[in-house]
Amino acid sequence: MMHKYCFKALDQTLRDILRFKNVSSVDKPFGGKTVVLGGYFRQILSVIAKGSRQDIVKATFNSSYLWPHCEVLNLTKNMRLQRDQLDAHLDELKKISEWILAIGDGRIGSSIDGIEKVQIPDDLLINNCDDPISKIIESTYPDFFNHFSDIDYLQQRAILAPILDMVESINKYMVSLNHSPEKTYLSSDTVCMSDHSFSDLEHVHTPEFLNSIKCSGIPNHFITLKVGVPVMLLRSIDQSSRLCNGTRLIITRLGNRVIEVKVLMGNMAGQKMFIPRMTLTPSDARIPFKFQ
């Protein structure tokens, strides 16, 4: 769900623009224009760094002064399921879709000591495992050794993780399954020259300290890769070649300053691309200085 201040900025922008044509637009929501806002109200709430439950709820659009002026229109037909009536898994997909909608509507589940609990179907669970990471990888990527270079096999599988530490653990385990020679790449971290306090920070924030910082949007200081390992881009490089944030690739060659990959998705699937070294600057507001 989008942050309420994004809508506040849009509201103020439209009012400022339209007041030149109609002075009364300044007093109307969105300057009197009809605005269609597409969204999914069951998405995860806005991320408020170190915020309490109250801070998170307050940041949602429902808490905005614009909410009373909005009318919610619900979409009731799942067009994705209507697209292919001959799909053998259509009935199964419909059941899962209806089950997810029922959870969102609060029609299933029970409250125990103020905590809402929902019974997960057995076919969606992995039971009786001592090592959860290895078990979920074995379940998602069965017979990985014989299919790690199969594009169709890799296209149909992915593991989603909620936190960076879990992503790192899964990545490390997946790389260990590949017996190709490994190559480790290191970042070169420095305080940005554009930072107004650069001359003071360069003595305080040593390279060792900068190397230890882990935050969303940038890779860790060192990353170990192997030929045949599937990876995902964290930055948009070339939209015309579909090298965008989230594009899945498989490594075909590891150089010192460039990585050769093969695209796993979209109409560019199977095409070879090259990923060069690049400069990244994290935008985490919790870091009081800029580094690259």
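What you see is a predicted model; the values in this text were computed from it and never measured. (Residues numbered from 1 in each chain as written. Predicted model: local features only at pLDDT ≥ 70, side-chain atom pairs only at ≥ 80, totals over all residues. Heavy atoms only, no water.)

J.: For this particular structure, what's the right way to read the packing of helix α5 (residues 132–140) against helix α7 (residues 164–177)?
T.: How two helices sit against one another is set out by the angle between their axes and by the gap between those axes. Taken N-terminus to C-terminus, the directions of α5 and α7 make an angle of 60°; their axes are 10 Å apart at the nearest point. In terms of axis orientation, α5 runs oblique to α7. When you trace α5 past α7, the crossing you get is right-handed. For the pair formed by α5 and α7, the contact residues are I133, S134, I137 and E138 on the first element and M166, S169, I170, Y173, M174 and L177 on the second. In terms of residue class, the contact of α5 with α7 is made up of seven nonpolar, two polar and one charged. (Axes fitted to C-alpha atoms, helices over the stretch in contact; angles between N-to-C directions. Helix = DSSP H or I, 4+ residues; strand = E, 2+ residues; numbered from the N terminus. Parallel < 35°, antiparallel > 145°, perpendicular 65-115°, else oblique. Left-handed = near helix turned anticlockwise from the far one by under 90°. Contact = heavy atoms within 4.5 Å. Nonpolar A, V, L, I, M, F, W, Y, C, P; charged D, E, K, R; others polar.)

J.: Where do I start with the pattern of salt bridges in this structure?
T.: Working definition: two side chains of opposite charge can pair if their charged atoms are close together. Taken as a whole and judged by the stated rule, the model has three salt bridges. One salt bridge in this structure joins D11 and R15, with 2.9 Å as the shortest N-O distance. Within this pair, D11 and its partner R15 are both found in helix α1 (residues 4–18), separated by four residues, close to a single helical turn. For E168, the salt bridge is made with K214, and the minimal N-O distance between the two is 3.4 Å. Here E168 is found in helix α7, whereas its partner K214 is found in the loop between α9 (207–211) and β4 (222–226), with 46 residues between them in sequence. (Salt bridge = Lys/Arg side-chain N within 4 Å of Asp/Glu carboxyl O.)

J.: It is not clear to me how the domain arrangement of the chain should be interpreted in this structure. Could you clarify?
T.: A common way to express how large an interface is: the accessible area buried when the components associate. Here the domain parsing of the chain yields domain 1 (4–69), domain 2 (80–125) and domain 3 (182–276). Inter-centroid distance (C-alpha atoms) of domain 1 to domain 3 is 35 Å. (Domains from an automatic or database assignment.)

J.: How should I be thinking about the pairing of strand β8 (residues 272–276) in this particular structure?
T.: Look at any regular strand and the pattern is simple: side chains alternate between the two faces of the sheet. Along β8, the buried face is formed by M273 and I275; none of K272, F274 and P276, which line the opposite face, is buried. Pairing of strand β7 (residues 258–263) with β8 involves five bridges; the strand directions are antiparallel. When the bridges of β8 are listed, K262 appears paired with K272. (Buried < 20%, exposed > 50% of the residue type's maximum accessible area, 1.4 Å probe, protein only. Pairing = 2+ DSSP bridges.)

J.: Any chance you could explain the sheet that holds strand β6 (residues 248–254) here in plain terms?
T.: Two strands in a sheet stick together by hydrogen bonds in their backbones, pointing the same way (parallel) or opposite ways (antiparallel). The four strands are arranged β5-β6-β7-β8 in an open sheet whose pairing can be described as antiparallel. What marks the edges here is a single partner per strand, and that holds for β5 (230–232) and β8. Averaged over all pairs of adjacent strands, the angle between strand axes in this sheet comes to 45°, irrespective of strand direction. With five bridges connecting them, β6 and β7 associate as antiparallel partners. Residue pairing across strands places I251 opposite V261, the latter belonging to β7.

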